[in-house]
Amino acid sequence: MKFEYARRIKSLPPYLFVELDRKKQEALSKGVDVIDLGIGDPDLPTPDFVVERMAEAIRKPSNHRYPSSEGSMAFRQAAANWCKKRFGLDLDPASQVCCVIGSKEAIAHFPLAFVQEEDVVLVPTPGYPVYHIGTLFCGGDTFYMDLLEENQFLPDLSAIPADVADKAKIMWLNYPNNPTAACATKEFFEKVVDFAKSHDIIVCHDAAYSEMTYDGYVAPSFLETPGAMDVAIEFHSLSKTYNMTGWRIGFAVGNPELVAALKKVKSNVDSGQFEAVQEAGISALESDQSFVEKMRQIYTARRDVLVDGLQDIGIKASRPKATFYVWFKVPEGESSASFCTKLLDEAGIVCTPGNGFGEPGEGYARMALTVDETRLKEVLQRLKSIL
Ligand SMILES: *Cc1c(COP(=O)(O)O)cnc(C)c1O
């Protein structure tokens, strides 16, 4: 028997973090004390009150049955209330909120409702790999929108040819941004709404980092933009905000027809998230958010240690006001790959080569603030000794 992969699998780029992990394992097996700044996965635990709520919820037999794929009304209501408090959005929990099994799941599945052969999807690059892969799985064509430093890592809408815009079904955006840590202005979001309306494009906004903001910066929801509710769906995640990456819970909100489309796909491929996890998620969303503030302070302190230290050794890192990533230009004469390989081989430091997120990321690298200050100081010591 010969197993032949489908074209969509054969044409997959190697998933960025799989390759990184392989290299890291290799170093670990050689006994290297590896410091991993590669992956955006919080090192600190989920808050106790969420864990306690889960412990209670798991004992309730009513939670042991199939959940509904769109999420319980209680979870959707909690998500709507959170969006009201946080962004001032008025969302109908029945028609404008869908629980998702981590936002990655929804980001990958949503395009199945709208994208088919010959359709174009506008995807930011460098960017989170799932926007392109979701397109590929639908048989659509990705048109990359370059995120360049000279444009504050915002896509230049005027660089999208008119025929591409007319064929485009979806535009992906992600602010605060992974990997560049850039933030969008409200003016930019307004331009996107106009552009989307004039070309009939659905705007999908990935808001995974909306709560990871520093120095008093408050990130807007795309849905706060006038007219956005006519064109957009927004993907939220509890993963980074509440250190819940392993729990797989988030929600999508926005235009009722778009939310209904996501529900339609999901009801055919999954049966929803475990109700106990949804209950735990409710406790996070309904909490006073002081936990989130505590995390912001921890990341701010780490960021300052790392950015100050990098600048001291001549690396031009700017201080991100959001996300837990530091995105910086690699030293003159190095490529993203050569620099990151050098860091791993000579210093046991894992960081992500910028071009792994897309070609315009060449010449950059990304470090995640997911180790404590002591380890970050160790990173700086090691860098000093090799650079
Ligand atoms: C981490 C991340 C997500 C996914 O998070 P989930 O755990 O699947 O909710 C989505 N988008 C971006 C840009 C991310 O970095």
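Reading the values: rules and limits
Residues numbered from 1 in each chain as written. Predicted model: local features only at pLDDT ≥ 70, side-chain atom pairs only at ≥ 80, totals over all residues. Heavy atoms only, no water. Helix = DSSP H or I, 4+ residues; strand = E, 2+ residues; numbered from the N terminus. Rg over C-alpha atoms; globule rule 2.2 N^0.38 Å. Buried < 20%, exposed > 50% of the residue type's maximum accessible area, 1.4 Å probe, protein only. Contact = heavy atoms within 4.5 Å. Pairing = 2+ DSSP bridges. Axes fitted to C-alpha atoms, helices over the stretch in contact; angles between N-to-C directions. Near = heavy atom within 4 Å. Polar contact = N/O pair within 3.5 Å; in protein donor to acceptor, adjacent residues only side chain to side chain. Areas by Shrake-Rupley, 256 points an atom, 1.4 Å probe, with all protein chains shown as cover. Nonpolar A, V, L, I, M, F, W, Y, C, P; charged D, E, K, R; others polar. Core = buried A, V, L, I, M, F, W, Y, C linked by side-chain atoms within 4.5 Å. Domains from an automatic or database assignment. Phe/Tyr/Trp six-rings, centres within 6.5 Å; stacked < 30°, edge-to-face > 60°. Lys NZ or Arg CZ within 6 Å of the ring centre and 35° of its normal. Buried area = accessible area lost by both parts, 1.4 Å probe. Salt bridge = Lys/Arg side-chain N within 4 Å of Asp/Glu carboxyl O.

Engineer: Explain the overall build of the protein chain to me, and be specific about the residues and the numbers.
Structural biologist: Of regular secondary structure, the protein chain possesses 13 helices and 12 strands. For a compact globule of 387 residues, the expected C-alpha radius of gyration is about 21 Å, and the protein chain comes in at 21 Å, within 12% of that figure. The 387 residues of the protein chain split such that 56% are buried. The contacts of the protein chain with a sequence gap of at least 6 include a subset with a gap of at least 24, amounting to 74%.

Engineer: Describe the sheet that holds strand β5 (residues 168-173), with residues and values.
Structural biologist: Each strand in a sheet pairs with its neighbour through backbone hydrogen bonds, running either in the same direction (parallel) or in the opposite one (antiparallel). One open sheet holds the 7 strands; their spatial order is β2-β8-β7-β6-β5-β3-β4, and the pairing between them is mixed. The open sheet has two free edges, formed respectively by β2 (97-100) and β4 (141-146), since each of these has just one partner strand. Looking at each pair of strands side by side, their axes are set apart by 20° on average, direction ignored. The sheet contact formed by β5 and strand β6 (residues 202-206) spans 4 bridges and is parallel. Directly across from leucine 173, in β6, lies its bridge partner histidine 205. Most of the contacts of helix α6 (residues 130-137) go to strand β3 (residues 120-125), to which it runs at about 160°, and overall it touches β3, β4, β5 and β6.

Engineer: Give me the site of the ligand: which residues, what numbers.
Structural biologist: Neighbouring residues of the ligand: 14 residues in total, closest Asp206, Tyr209, Ser237, Ser239 and Lys240. Interatomic distance of 2.7 Å between a backbone N/O atom of serine 103 and an oxygen atom of the ligand. Asparagine 178 is positioned with one of its side-chain polar atoms (N or O) 2.9 Å from an oxygen atom of the ligand. A total of 390 Å² of accessible area belongs to the ligand in isolation, and the protein chains cover 94% of it. Taken together, the residues that form the shell around the ligand break down as 4 nonpolar, 6 polar and 4 charged.

Engineer: Outline the sheet that holds strand β12 (residues 364-368), listing residues and values.
Structural biologist: Taken in spatial order, the 3 strands line up as β9-β12-β11 in an open sheet, and their pairing is antiparallel. In the strand order of this sheet, the two ends are held by β9 (325-329) and β11 (352-353), each with one partner. Judged from the 2 bridges that link them, β11 and β12 form a sheet pairing that is antiparallel. Following the sheet pairing, proline 353 is matched in β12 by alanine 365.

Engineer: Summarise the nonpolar core; cite the residues concerned and give the values.
Structural biologist: Ranked by size, the top nonpolar core spans 96 residues in total, and within it Leu122, Met171, Phe251 and Leu310 carry the most contacts. It is helix α11 (residues 290-312) that contributes the most residues to this core, 8 residues altogether. Per-domain counts for this core show at least three residues from each of domain 1 (7-45 + 290-386) and domain 2 (48-285).

Engineer: So what about the packing of aromatic side chains? Which residues, and what values?
Structural biologist: Under the defined criterion, the tally for this structure stands at 19 aromatic pairs. With centroids separated by 5.0 Å and ring planes inclined at 70°, the aromatic side chains of phenylalanine 324 and tyrosine 325 adopt a geometry described as edge-to-face. The pair formed by phenylalanine 324 and tyrosine 325 is uniform in burial state, with each residue classed as buried. Measuring from centroid to centroid gives 6.4 Å for tryptophan 327 and phenylalanine 357, while their planes differ by 70°, and the two rings are edge-to-face. You can see tryptophan 327 sitting in strand β9 and its partner phenylalanine 357 sitting in the loop between β11 and β12, a full 30 residues away along the chain. The exposure classification of tryptophan 327 matches that of phenylalanine 357, with both residues buried. Taken together through their ring pairs, the aromatic side chains of Phe110, Phe114, Tyr128, Tyr131, Trp172 and Phe235 make up a single cluster. In this structure, lysine 321 packs its charged tip against the face of tyrosine 217, placed 4.4 Å from the ring centre.

Engineer: Can you break down the domain arrangement of the protein chain residue by residue, with the values?
Structural biologist: Along its sequence, the protein chain is organised into domain 1 (7-45 + 290-386) and domain 2 (48-285). Taken over C-alpha atoms, the centre of domain 1 sits 25 Å from the centre of domain 2. Contact with domain 1, which involves 33 residues of that partner, is made by 36 residues of domain 2. Here domain 1 and domain 2 share an interface that buries about 3000 Å² over both sides, 64% of which is from carbon and sulfur atoms. Scanning the region where domain 1 abuts domain 2 turns up 3 salt bridges. Put simply, arginine 303 and aspartate 215 hold a salt bridge, and the shortest N to O gap is 2.9 Å. At the surface where domain 1 touches domain 2, the tally comes to 12 residue pairs in polar contact (both at pLDDT 80 or more). Per-element tally for the side of domain 1 that touches domain 2: the top contributor is α11, with 7 residues.

Engineer: Describe unusual backbone geometry, listing the residues and the values that go with them.
Structural biologist: A cis amide bond links threonine 125 to the next residue, proline 126, at an omega of 0°. Structurally, proline 126 is set in the loop between β3 and α6. The linkage connecting asparagine 178 with the following residue, proline 179, adopts the cis geometry, with an omega of 10°. Structurally, the position occupied by proline 179 is in the loop between β5 and α8 (186-199). Notably, glutamate 118 is not glycine yet its phi reads approximately 80°, a positive angle.

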